[in-house]
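# Results of the structural survey
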Amino acid sequence: MSNTDTDPAEMLCQSAGCADAESAGQDYVPVEIITAREVPLGGPRAMNVRRTLPQRKRSLIGAWCFADHYGPDDVSRTGGMDVAPHPHTGLQTVSWLFSGQIQHIDSGGNRGIVRPGEVNLMTAGTGICHSETSTAETTELHGLQLWAALPDSTRSSAPRNFEHYVPPVTELEGGSALVFLGTLAGATSEVTTFTPLLGAEIRLDPGAEIELPVDPSFEHGLLLDTGSIHLEGVPLPRAGIGYTGVGAEVLHLRNDSDQPARAVLLGGEPFGEEIVIWWNFVGRTSEEIAEFREQWQERTEQFGTVEGYVGHGGPDKNADGMSWLPAPTLPNGIIKARKNPDPQARPE
């Protein structure tokens, strides 16, 4: 998915607001709440998304550097998703749906349908472009778009690539999990990542409490999709992330309602590198970002070409009549990278 901000800023900072665990007597770890902000995806009937990463106070959880949560979206009202070919550098995109379908086409020659419960991962390396369009059969669109930054050691050597994986259901006492990246509860994904990462959909039964063993070397964030979930005794706002930092060996989840609840657990070893995120590019310096933009605007082979894109406006056109997304204007001055704060939750 593209970041369609018309005036995107460099983002790599620290973490958002926080909350204390409600029961000091419990063996809970601190939780910091990262709230979402509304961002239009683009077009005259823009489908709004709720963005939790990046934030001005924290931009990374492990290598996860971007998280958009959208839907349930009535496609008949908004027109659904129709993102014309657009570029990426220095990252992997991860698409995860709860409902609907999205057609993916990229300049690596890959085509695929994103379906609920099936992960699609695209590796950009030094450059790739792709299009994303909700299918004609889709009436409701609901899901997540995630990015993971590539480390400096592999971002120039990782090839353009596309992977599809259907994780089996992992039964938990009080719920279940779909582990689409990394390892959790005895399940391991087959998808390739370039830093240690975790991505899993967690489902909680009504009134259930789950103790979930996790890797203490990872920092973790739990993004609430539907229902009512407390993480370490702290209630999560919808589309917000409860961040626990490193050190936790067990995460405590509770659904205090009489309805099922669903969340997505993101985790990874602290990234430890300074990066610049601007528009759809992940780089290391302002000069590098400017070069990426110039190469995209001139449609060079660095990004390749998407063949066969059919948008909602007809062949090779999205609903706004564009066959590709031009890059926004660069900000004045040097775009500076800033370190992420220490991987520790900071309760108020």
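Residues numbered from 1 in each chain as written. Predicted model: local features only at pLDDT ≥ 70, side-chain atom pairs only at ≥ 80, totals over all residues. Heavy atoms only, no water.

## Focus on helix α2 (residues 286-297)
With 12 residues, α2 extends 17 Å from end C-alpha to end C-alpha; this agrees with the ideal 16 Å at 1.5 Å per step. Within α2, the full set of buried residues consists of S286, I289, F292, R293, Q295 and W296. Residues of α2 that are buried sit in contact with β5 (82-88), β10 (128-134), β25 (276-278) and β26 (281-283). Within two residues after α2, R299 carries a phi angle of roughly 55 degrees, on the positive side. (Helix = DSSP H or I, 4+ residues; strand = E, 2+ residues; numbered from the N terminus. Expected span 1.5 Å × (residues − 1). Buried < 20%, exposed > 50% of the residue type's maximum accessible area, 1.4 Å probe, protein only. Contact = heavy atoms within 4.5 Å.)

## Describing the UniProt feature "domain: Pirin N-terminal" (unreviewed entry) in the protein chain
According to UniProt, the "domain: Pirin N-terminal" (unreviewed entry) feature falls on residues 48-147. Regarding residues 48-147, the helix share stands at 4% and the strand share at 62%, and the terminal C-alpha atoms are separated by 18 Å. (UniProt positions renumbered as here; feature names shortened; annotations may be inferred.)

## A closer look at the sheet that holds β5
An order of β5-β10-β7-β8 is seen for the 4 strands of this open sheet, with the pairing classed as antiparallel. In the strand order of this sheet, the two ends are held by β5 and β8 (111-114), each with one partner. Taking each pair of neighbouring strands and ignoring which way they run, the sheet shows an average axis angle of 20 degrees. Alignment of β5 against β10, held across 5 bridges, turns out to be antiparallel. Bridge assignment links H88 to a residue of β10, and that residue is I128. (Pairing = 2+ DSSP bridges. Axes fitted to C-alpha atoms, helices over the stretch in contact; angles between N-to-C directions.)

## Topic: the sheet that holds strand β21 (residues 234-235)
Taken in spatial order, the 4 strands line up as β18-β23-β20-β21 in an open sheet, and their pairing is antiparallel. Each edge of the open sheet carries a strand with a single partner, namely β18 (209-213) and β21. Bridge count for strand β20 (residues 229-231) against strand β23 (residues 250-255) is 3 bridges, and the pairing is antiparallel. Bridged to H230 within β23 is R254.

## Quick notes on the UniProt feature "domain: Pirin C-terminal" (unreviewed entry) in the protein chain
The sites that carry the UniProt feature "domain: Pirin C-terminal" (unreviewed entry) are, in the present numbering, residues 200-299. The annotated region residues 200-299 carries 12% helix and 48% strand content, and the separation between its end C-alpha atoms amounts to 36 Å.

## Here's the deal with the packing of aromatic side chains
One pass over the structure, following the stated rule, counts 9 aromatic pairs. Consider the rings of F66 and W147, whose centres lie 3.9 Å apart with planes at 15 degrees: the pair is stacked. Separated by 81 residues along the polypeptide, F66 in strand β4 (residues 64-74) and W147 in strand β11 (residues 140-149) bring together distant segments of the chain. Residue classification places W147 among the buried positions, given a relative accessible area of 0%. (Phe/Tyr/Trp six-rings, centres within 6.5 Å; stacked < 30°, edge-to-face > 60°.)

## A word on the pattern of salt bridges
Side chains bearing opposite charge may pair, as long as their charged atoms lie close to each other. Counting across every chain of the model gives 9 salt bridges. For R346, the salt bridge identified is with E32, shortest N-O distance 3.6 Å. Here E32 lies in strand β1 (residues 32-34) and R346 lies in the segment after β28 (314-315), a separation of 314 residues in the sequence. The class for R346 is partly exposed, based on a relative accessible area of 32%. With relative accessibility at 0%, the residue E32 sits in the buried group. Across the pair E301 and R160 runs a salt bridge, and its minimum N-O distance is 3.8 Å. Residue E301 is located in the loop between α2 and β27 (310-311), and its partner R160 is located in the loop between β11 and β12 (161-165); the two are separated by 141 residues in the primary sequence. Exposure remark for R160: the relative accessible area of 27% places this residue in the partly exposed category. A single salt-bridge network, built from bridges that share partners, covers E32, R58 and R346. (Salt bridge = Lys/Arg side-chain N within 4 Å of Asp/Glu carboxyl O.)

## So, the nonpolar core
Formed by 40 residues in total, the largest nonpolar core has its most connected members in W64, C65, V94, L146, F180 and I275. When contributions to this core are tallied by element, the ones reaching two or more residues are β4, β6 (91-99), β9 (119-123), β11, β12, β14 (175-181), β22 (241-245) and β24 (261-268). Counting residues per element, this core draws most heavily on β11, at 5 residues. (Core = buried A, V, L, I, M, F, W, Y, C linked by side-chain atoms within 4.5 Å.)

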